[in-house]
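Coordinates in review
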Amino acid sequence: RPESSVWTWLALSGLLGALLLAVLGVPSVDMHGPLHYAGIMDPLCGATRSVYLTMTGQWEAAVHYNPAAPLLLVVAAGLVVRGVAGWWTGRWVQVRMPRRVVIAVAVMTLIALEIRQQSNVALLTAPWTGG
């Protein structure tokens, strides 16, 4: 299925990026926007550090920076396994949910993550000292 291939390749690309991050470390380049310096965090704030910490086996610290990043890595790994199994067997596992449900869950999750990340401004604005 074409859409299955797209998700598999996106997941594989994300995992390869995470592996590269684990090998090279967190970039020293500042990637934050102006709102970050005003103390306004976004739901993905801390994700780079969290992915690095997850990939180096520091799960507790990773969840502390951003709980979504380890979960996204697990989901990406699942999508890659699903893709390999689909290409190997010719049968694809399909999960179907009404679009309204997916959108509602995504919005509620992002709001909860935003509130959680905003409550960690001091951690997320502190300089990175390494894992």
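See the structure printed just above.
What this report covers is the structure whose coordinates are included nearby. (Residues numbered from 1 in each chain as written. Predicted model: local features only at pLDDT ≥ 70, side-chain atom pairs only at ≥ 80, totals over all residues. Heavy atoms only, no water.)

Observations concerning the environment of Arg100
By the element assignment, Arg100 lies in helix α6 (residues 99–118). Arg100 sits 74 residues away from Val26 along the chain, and the two C-alpha atoms are 36 Å apart. (Helix = DSSP H or I, 4+ residues; strand = E, 2+ residues; numbered from the N terminus.)

Things to note about the layout of surface pockets
Counted as a void, the largest pocket has a volume near 1100 Å³. What lines the largest pocket is a set of 30 residues, among which Trp7, Leu71, Leu72, Val75 and Leu79 lie closest to the centre. Looking at the lining of the largest pocket, the elements with two or more residues in it are α1 (2–24), α3 (47–55), α5 (68–89) and α6. Of the residues contributing to the lining of the largest pocket, the split by class is 23 nonpolar, five polar and two charged. Taken as a whole, the second largest pocket holds about 550 Å³ of empty space. (1 Å grid on protein atoms, 1.4 Å probe; cavity = no way out; pocket = protein on both sides within 12 Å on 5 of 7 lines; lining within 4 Å. Points joined across faces, edges and corners; volume = space filled by probe spheres on them. Nonpolar A, V, L, I, M, F, W, Y, C, P; charged D, E, K, R; others polar.)

Quick word on the side chain of Thr54
Structurally, the position occupied by Thr54 is in helix α3. Setting aside chain neighbours within four positions, we find Thr54 in contact with Trp59, Ala62, Pro70 and Leu73. (Contact = heavy atoms within 4.5 Å.)

Looking at the packing of α3 against α5
It is at 8 Å that the axes of α3 and α5 come closest, and there the two elements cross at 60°. One finds that α3 runs oblique with respect to α5. Considering how the two elements wind past one another, α3 and α5 form a crossing that is right-handed. Along the contact surface, α3 presents Ala47, Ser50, Val51, Thr54 and Met55, while α5 presents Ala69, Pro70 and Leu73. (Axes fitted to C-alpha atoms, helices over the stretch in contact; angles between N-to-C directions. Parallel < 35°, antiparallel > 145°, perpendicular 65-115°, else oblique. Left-handed = near helix turned anticlockwise from the far one by under 90°.)

Things to note about the packing of aromatic side chains
Think of a pair of aromatic rings as described by two things: how far the centres are apart, and how the planes are tilted against each other in angle. Overall, the coordinates contain four aromatic pairs when judged by the stated rule. Summarising the aromatic geometry, the rings of Tyr52 and Trp128 are spaced 6.0 Å apart at their centres and angled 90° between planes, so their arrangement reads as edge-to-face. Here Tyr52, found in helix α3, pairs with Trp128, found in the segment after α7 (121–125); they are 76 residues apart in sequence, far enough to count as distant. Given the relative accessible area of 24%, Trp128 is considered partly exposed. An aromatic cluster is defined as three or more aromatic residues linked by ring pairs; in this entry it consists of Trp9, Trp87 and Trp92. (Phe/Tyr/Trp six-rings, centres within 6.5 Å; stacked < 30°, edge-to-face > 60°. Buried < 20%, exposed > 50% of the residue type's maximum accessible area, 1.4 Å probe, protein only.)

Quick look at the nonpolar core
Judged by nonpolar contacts, Ala18, Leu21, Met41, Cys45, Val51, Tyr52, Leu53, Ala62, Tyr65, Ala69, Leu73 and Leu124 together constitute the single largest core of 12 residues. Elements supplying a minimum of two residues to this core: α1, α3, α4 (59–65) and α5. The greatest single-element share of this core, amounting to three residues, is contributed by α3. (Core = buried A, V, L, I, M, F, W, Y, C linked by side-chain atoms within 4.5 Å.)

Some details on α5
Helix length check: α5 (22 residues) gives 31 Å between terminal C-alpha atoms against 32 Å at 1.5 Å per residue, within 8%. The complete set of buried residues in α5 reads Ala68, Ala69, Pro70, Leu73, Ala76, Val80, Arg82, Gly83 and Gly86. (Expected span 1.5 Å × (residues − 1).)

Comments concerning a nonpolar patch on the surface
Residues Leu16, Leu19, Leu20, Val23, Leu24 and Met55 make up a contiguous nonpolar surface patch of about 610 Å² in total accessible area. Structurally, Leu24 is set in helix α1. Judged by its relative accessible area of 65%, Leu24 is exposed. (Patch = residues over 30% accessible without salt bridge, like charges linked within 9 Å, V, L, I, M, F, W, Y side chains within 5 Å. Areas by Shrake-Rupley, 256 points an atom, 1.4 Å probe, with all protein chains shown as cover. Salt bridge = Lys/Arg side-chain N within 4 Å of Asp/Glu carboxyl O.)

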